[in-house]
Amino acid sequence: MHFSPLGDQAVTITLGNSIDEPTHHRVRAVVARLDRDRLAGVIDLVPAFASVTVHYDPAVVGGEAPFDRIVARLTDLLGDLVNEALPPPRVVEIPVCYGGDLGPDLHDVAARHGMTEEEVVRVHAAGDYLVYMIGFMPGFAYLGGLSDSIATPRRSSPRKAVPAGSVGIGGQQTGVYPMVSPGGWNLIGRTPVAIFDIGRQEPALMTTGDRVRFRPITRDEFDHWAE
Amino acid sequence: VTFTILGAGLQTTVQDLGRPFRQREAIPAGGAMDRLACRAANLLVGNPEGAALLEATLIGPTIRFAEETLIALTGGDLDATVEGKAVPSWQPLLVSAGGVLRFGQPQTGCRAYVAVAGGIDVPAVFGSRATYLRGGFGGLDGRALRANDMLHALAPTASTRAMIAAVKNTSSVVGRWRLSVTLRPRYSDKPVVRIVEGMHTALLSSDSRSRLVDAPFRVSASSDRMGYRLEGSSLELSTPTELMSEGVAFGTIQLPPGGAPIVLMADRQTAGGYPRIGEVATVDLPLIAQLKPGDSVRFRIISLAEAQRLYLALETDLAQARMALALRFSPREK
């Protein structure tokens, strides 16, 4: 565990140097501990692949050297982390209508791997995915667990506007665009479910540590989806 | 108090101090680009420091106030007038019913803040009224203001009412209270901005490390509320490095592969995967927030301890200003 200042109002706790599940569990343990025992002056935590960034207000943390003080408090609090009980991961199921105009790159992905479109869908929907972190845009989940057999490099020319709900593959990653945005991932389908909805109590559908499964639905189900 | 936007200006949005407490959901902190100006403007009219106000950009809006109210302009000087008379910056001003606030040519800086007694009443989204343009939420329908928009202010505080009474007791429409000059940033179109070392400063090539502090950078036209892109002195790492995405902050200086650094600003994303070659000291963020395309900036490295000392000193000054105003305009027993 290593503490590095991120400017004068944040500290990043480094917990590993690769994207893997043991590191991810340490990240979750740190977040669980800091959520349970809230330190004065902490504004928010940002869990990432192998680190947790703690945003704090030095004026509330206090002392002559607020950075040293918060690092000392964090060190105390995180000393016996191995015993931290983690909340059981939630399982989030995301219905996806694959292919057609909702997944315009499914054909290319299949062709690249010498598979049929149905095989790509079967492999993608069979996967057990883990939300490593939320970032990039509100509610966007970085998912680990994509099968190497359908990993596909990003498109050479990104799209200017990828529709919200689009399910894509970019290299070793898969994910769902929460809102319209530019994007270079290969789009293989779309979900009718809102990934990020400011009208919901919990606006983001997924959170760090969730297990995610994709369930194929028909075009008819997509068109008549009611949440 | 109701006021109507007669002309929108270049990009006028409702802002406050943002929503920094939902960053784990990748909801940007957002809020005023020049946070000090936002807090100062609100203090001057007796509002809570985080009340919603207007952020005008380069070309300010034209606003008609339906009723008499107290306003304060802070931030950059965008040549504001009311009924043809110059509005003093960083001072409270009583505007009479039907009064029209206009802006002219930018004089210094890029962003002016208009606080209105009571604060602007728009629905809070995730605990803040700040407009997040990319996400289309907060502020007025998640967008910049347009002509004919009508906004309302919340009920003024007791302090604000005492302030209005105090101005009315004088022959002037300008309130006599000020904030200490130490609280007023020295805006410039070529400032020297203090930074602390970032996680990856040591990865810069020795040549780039010198240029980070020796060379002036020019503010690119593709700078916005999310980030300032700096051109004119391309930087590189001694060896290319793949990094995992992790948390970033207001003022993080990222170095994308092209070599042109980006200073992350109010609407930044919550995490990033580019090398972080420096972090702007919080006290100097207003200097960056007021830069416009074509301006230049130089960096000077200070220690983290010094950056935090400067921040604590500024917060102490602000707390004193807040207390002085509270004492002067505390509601009296009748």
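Refer to the preceding data block for the structure.
All of the points below concern the structure found in this document. (Residues numbered from 1 in each chain as written. Chains lettered and ligands numbered in written order. Predicted model: local features only at pLDDT ≥ 70, side-chain atom pairs only at ≥ 80, totals over all residues. Heavy atoms only, no water.)

**Re the overall build of chain A**
Thinking step 1. Within chain A, the regular secondary structure consists of six helices and 13 strands.
Thinking step 2. C-alpha extents for chain A along the principal axes are approximately 60 × 35 × 35 Å.
Thinking step 3. Classification of the 227 residues of chain A by burial places 54% in the buried group.
Thinking step 4. When contacts within chain A are restricted to residue pairs at least 6 apart in sequence, those whose partners lie at least 24 apart make up 61%.
Thinking step 5. Total accessible area on chain A stands at roughly 9,900 Å², and carbon and sulfur atoms take up 52% of it.
Thinking step 6. Across chain A, 20 positive and 28 negative side-chain charges occur, with their mean positions spaced 1 Å apart. (Helix = DSSP H or I, 4+ residues; strand = E, 2+ residues; numbered from the N terminus. Buried < 20%, exposed > 50% of the residue type's maximum accessible area, 1.4 Å probe, protein only. Contact = heavy atoms within 4.5 Å. Areas by Shrake-Rupley, 256 points an atom, 1.4 Å probe, with all protein chains shown as cover. Lys, Arg positive; Asp, Glu negative; His and termini not counted. Charge placed at Lys NZ, Arg CZ, Asp CG, Glu CD.)

**Topic: the interface of chain B and chain A**
Thinking step 1. Counting residues at the interface gives 37 residues for chain B, matched by 48 residues for chain A.
Thinking step 2. Summing both partners gives a buried area of about 3,100 Å² for chain B against chain A, and 62% of it is carried by carbon and sulfur.
Thinking step 3. Summed over the three residues of chain B that lose the most area to chain A, namely Arg24, Met244 and Gln308 of chain B, the buried surface amounts to 23% of that side.
Thinking step 4. The interface formed by chain B and chain A includes two salt bridges.
Thinking step 5. We note a salt bridge from Arg24 of chain B to Asp35 of chain A, for which the minimum N-O separation is 2.8 Å.
Thinking step 6. Here chain B and chain A share 12 residue pairs in polar contact (both at pLDDT 80 or more) between them.
Thinking step 7. Of all the secondary structure elements, the ones that give two or more residues to the side of chain B that touches chain A are strand 15 (246-247), strand 19 (276-280) and helix 5 (304-328) of chain B.
Thinking step 8. Take the side of chain B that touches chain A: its biggest share by element is six residues, from helix 5 of chain B. (Buried area = accessible area lost by both parts, 1.4 Å probe. Salt bridge = Lys/Arg side-chain N within 4 Å of Asp/Glu carboxyl O. Polar contact = N/O pair within 3.5 Å; in protein donor to acceptor, adjacent residues only side chain to side chain.)

**Overview of the pairing of strand 3 (residues 53-57) of chain B**
All names here are of chain B.
Thinking step 1. By the criterion of burial, strand 3 is predominantly enclosed, with five of the five residues buried.
Thinking step 2. Note that strand 2 (residues 13-15) and strand 3 share three bridges and pair antiparallel. Note that in strand 3 the partner of Gln15 across the bridge is Leu53.
Thinking step 3. Where strand 3 and strand 10 (residues 108-116) come together, four bridges link them in antiparallel fashion. (Pairing = 2+ DSSP bridges.)

**Let's talk about the packing of aromatic side chains**
Residue and element names in this part refer to chain B.
Thinking step 1. Under the criterion given, the structure shown has 15 aromatic pairs over all chains.
Thinking step 2. An angle of 45° between the planes, with centres 5.7 Å apart, marks the rings of Phe217 and Phe299 as tilted. Here the residue Phe217 occupies a position in strand 13 (residues 217-219), and Phe299 occupies one in strand 20 (residues 296-301), the gap between them amounting to 82 residues. Each of the two residues, Phe217 as well as Phe299, counts as buried. (Phe/Tyr/Trp six-rings, centres within 6.5 Å; stacked < 30°, edge-to-face > 60°.)

**Here's the deal with the sheet that holds strand 2 of chain B**
Residue and element names in this part refer to chain B.
Thinking step 1. Read across the open sheet, the five strands follow the order 2-3-10-5-8; overall the sheet is antiparallel. Each edge of the open sheet is held by one strand with a lone partner, namely strand 2 and strand 8 (92-95). Strand-to-strand twist across the sheet, computed as the mean angle between neighbouring axes with direction ignored, equals 35°.
Thinking step 2. Helix 1 (residues 35-44) contacts strand 3, strand 5 (69-77), strand 8 and strand 10 of the sheet and is inclined by roughly 155° relative to strand 5. (Axes fitted to C-alpha atoms, helices over the stretch in contact; angles between N-to-C directions.)

**Describing helix 3 (residues 66-77) of chain A**
Structurally, the α-helix is built with 3.6 residues per turn, so residues lying three or four positions apart point the same way.
Residue and element names in this part refer to chain A.
Thinking step 1. An ideal rise of 1.5 Å per residue puts 16 Å on 12 residues; helix 3 measures up with 16 Å between its terminal C-alpha atoms.
Thinking step 2. For helix 3, the full list of buried residues reads Pro66, Phe67, Ile70, Val71, Leu74 and Leu77. The buried side chains of helix 3 occupy one side of the element, clustering within an arc of 130° when seen end-on. (Expected span 1.5 Å × (residues − 1). Arc of directions from axis to C-beta.)

**Examining helix 1 (residues 21-36) of chain A**
Residue and element names in this part refer to chain A.
Thinking step 1. Given a rise of 1.5 Å per residue, 16 residues ought to cover 22 Å, and the 22 Å separating the end C-alpha atoms of helix 1 matches this to within 8%.
Thinking step 2. Taken together, the buried positions of helix 1 are Thr23, His24, Val27, Arg28, Ala29, Val30, Val31, Ala32, Arg33 and Leu34.
Thinking step 3. As for helix 1, its buried residues are in contact with strand 2 (10-14), strand 3 (42-47), strand 4 (51-56), helix 3 and strand 6 (129-134).

**Thoughts on the environment of Leu325 of chain B**
Thinking step 1. In this structure, Leu325 of chain B sits in helix 5.
Thinking step 2. Other than its neighbours up to four places away in sequence, Leu325 of chain B contacts Leu43, Met163, Trp177 and Leu179 of chain B.

**Structural notes on the sheet that holds strand 3 of chain A**
Residue and element names in this part refer to chain A.
Thinking step 1. With respect to topology, four strands assemble into an open sheet ordered 1-2-4-3, the strand pairing being antiparallel. One side of each edge strand has no neighbouring strand; the edge strands of this open sheet are strand 1 (2-5) and strand 3. In this sheet, adjacent strand axes meet at a mean angle of 20° when their direction is disregarded.
Thinking step 2. Strand direction decides the pairing type here: strand 2 and strand 4, joined by five bridges, are antiparallel. Across the sheet, the residue bridging to Ala10 is His55, located in strand 4.

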